[in-house]
Structure formats: C-alpha cells, structure tokens
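Results of the structural survey
The chain contents come next:
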Amino acid sequence: MAPIPGSGLAKGLAVTLRTMTRKTVTEQYPDAQPDLPPRTRGVIGLFEENCTVCMLCARECPDWCIYIDSHKETVPAATPGGRERSRNVLDRFAIDFSLCMYCGICIEVCPFDALFWSPEFEYAETDIRELTHERDKLREWMWTVPAPSALDPGAEEPKEIAAARKTAEKLAAQQTPPVTEPLADEQARAAEGPTRSQGDSQQQTDQPRPSSSPTSGLAGPPSDRSAADDRPQPDPSAPARPGTSPQPKQEGQE
C-alpha cells in the first residue's frame, strides 16, 4: 500500500504539538546529577596493571593527544641456566582532553583491555593546560567505569572465556589420568573377591565329605580302590600279544 502524501509531515507536526503542550522541567544540576546512559563517552579510564606499553593507542590516535613514557627493566631468569628477559615499565600515561575528539579508537585497538570509557564528565578546568590529565587521575576514573551489560541469552560465548574454560578442562584432564582397562578389571576382581570366597566356602561346607577306607588309608570310594587293586598286573617277561605294542622296560630290568 502506497503511503498517503503528507503523512510524514503530519506525524512530525503531531510530535511537535505533544511536546509543546508538556510542562518544561529543569534539571537542578549540580544539586541533582543527570541520569546518563551506561555507555556514555565521558572520559577515558586507565587500568594500569594491564598496560604493556605497546604504544598502539598513541600511534592510532588521530589527534596525537596521548603521551606515554617508559623504560626497560631486566627480569632475572625464572629457572637456573635460563635467559634473562626485559620488560617495559610505564612511567607516564597522559591524555590531553583539550585535543581529544572522543573517537574511541585508542580503546578499540588496545589488545590488553587497559583503556575504558567512563561516564564521568566533570573534569572542566579554568586553564586549558590543566586538561592534560596524568595516569593518577585516569586511574581514579577507572573505578567509575560501569560493569558491562549482560549478554543476550542466544549470543556466543566470549572468546576469552571460551579459551580459559578449554585450558582449565585440559589441565584437569592431565592431572587426573583416565583409569586403564587392566586396572579397572583388577579393581573389579578385588571388589568381587570376598563375595566369591564366601560363596565357595559355603559350597564346600554343603558338600558331603568322602569317607576314608580302613584298609587302604586313602580318601575316596572303597569300591574304586578295591577294583583298582584287584586288577592283574602284566608280566614283562611274557611275549607280547599280536596287535599290541610291547611294554617298555623299566630301569633295573634286563
């Protein structure tokens, strides 16, 4: 359906008429602080512990309003026979807010999350030269940075959290090695051992004990023993029957 000609102008005039009929309200600043959005670009806060003096923020700043000074220190070797290393130590970090145009490039290019936006806006000075704030003042503004907003339930997990979680799972898997199959079988047999021994002993007690023969003095059925004793023994000197193999001679017989 095509829009009606002049409908946009009518909507704009309706908004103007509604605004004209409202009562004006004056915010009593500085007695009443304004309610600013959480992502307001007021000033830049510095988290000094994360700064590695990589100079990316100073190089990418289009106004060249960031001043950084540092020096190098030698770090001794962590292990015997290791190599000494050097690291940069921050001496000065200042931002000239009289030149800053609040583009936020320095915050975006910082690879170590050392710079943040703060909604603080009360930093006016009577002298323009006082608008160059050093790292101590930037550190104070860091504590006014609001917490990040919650992610959408369907959003992807941040890369930093995902990498940290995978590393923690890998370390946990290395510290607790998996149980091998032979070890698992031994543990299972050890757990079933007492049960089996009790069952075997119960079966042994339930079976009747064989009676001993008074004549032979050996345990076992007497009928079998007597039958075995009554069998005729072969004569080694007798000729072998046809179709049978001769008996081997025993030691001491000729």
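The text that follows walks through the structure, step by step, so that each part is easy to find. Quantities reported herein were computed from a predicted structural model and do not represent experimental measurements.

With that settled, the discussion passes to the overall build of the protein. Along the protein, the regular secondary structure elements total seven helices and five strands. Counting from the amino terminus, the protein carries its helices and strands in the arrangement α-β-α-β-β-α-β-β-α-α-α-α. Buried positions account for 15% of the 254 residues belonging to the protein. Put simply, 68% of the contacts in the protein that link residues at least 6 apart link residues at least 24 apart. Just so you have it, the protein exposes about 21,200 Å², and 55% of that area is on carbon and sulfur atoms.

Right, let's get into the nonpolar core. Generally speaking, nonpolar side chains in soluble globular proteins are found buried as a group. Grouped together as the largest cluster of nonpolar side chains are 26 residues, with contacts concentrated most on Ile44, Ile66, Ile68, Phe93, Ile95, Phe97 and Leu115. Of all the elements in the fold, those that place two or more residues in this core are β1 (43-46), α2 (56-60), β2 (66-75), β3 (85-96), α3 (105-109), β4 (115-118) and α4 (135-142). The residues contacting isoleucine 66, other than those within four sequence positions of it, are Cys57, Ala58, Cys61, Phe93, Ala94, Ile95 and Cys106.

On inspection of all chains with the given rule, the structure shows eight salt bridges. Among the ionic pairs, glutamate 73 bridges to arginine 87, the shortest N-O distance being 3.6 Å. Within this pair, whereas glutamate 73 is found in strand β2, its partner arginine 87 is found in strand β3, the two being separated by 14 residues in sequence. Overall, the relative accessible area of 44% leaves arginine 87 in the partly exposed class.

Spatial strand order, β2-β3-β5: three strands in an open sheet with antiparallel pairing. Lying at the two open borders of the sheet, with one neighbouring strand each, are β2 and β5 (132-133). Inspection of the sheet shows β3 paired to β5 by two bridges, in the antiparallel sense. Bridged to isoleucine 95 within β5 is histidine 133.

A grouping of Tyr29, Leu36 and Phe121 is seen on the molecular surface, where their side chains present a nonpolar patch of about 270 Å² in accessible area. With respect to the helices and strands, phenylalanine 121 occurs in the loop between β4 and β5. Classification of phenylalanine 121 as partly exposed rests on a relative accessible area of 35%.

Here we take up unusual backbone geometry. The omega torsion of the bond from tyrosine 29 to proline 30 falls at 10°, within 30 degrees of zero and hence cis. Tracing the backbone through its elements, the reader meets proline 30 in the loop between α1 (7-21) and β1. Its identity is not glycine, yet tryptophan 64 carries a phi of approximately 55°, on the positive side. Residue position: tryptophan 64 is located in the loop between α2 and β2. In this model, tyrosine 102 sits at a positive phi of 60°, which is unusual for a non-glycine residue. Mapped onto the elements, tyrosine 102 comes out in the loop between β3 and α3. Judged by relative accessible area, which is 23%, tyrosine 102 ranks as partly exposed.

Rules behind the numbers
- Residues numbered from 1 in each chain as written.
- Predicted model: local features only at pLDDT ≥ 70, side-chain atom pairs only at ≥ 80, totals over all residues.
- Heavy atoms only, no water.
- Helix = DSSP H or I, 4+ residues; strand = E, 2+ residues; numbered from the N terminus.
- Buried < 20%, exposed > 50% of the residue type's maximum accessible area, 1.4 Å probe, protein only.
- Contact = heavy atoms within 4.5 Å.
- Areas by Shrake-Rupley, 256 points an atom, 1.4 Å probe, with all protein chains shown as cover.
- Core = buried A, V, L, I, M, F, W, Y, C linked by side-chain atoms within 4.5 Å.
- Salt bridge = Lys/Arg side-chain N within 4 Å of Asp/Glu carboxyl O.
- Pairing = 2+ DSSP bridges.
- Patch = residues over 30% accessible without salt bridge, like charges linked within 9 Å, V, L, I, M, F, W, Y side chains within 5 Å.

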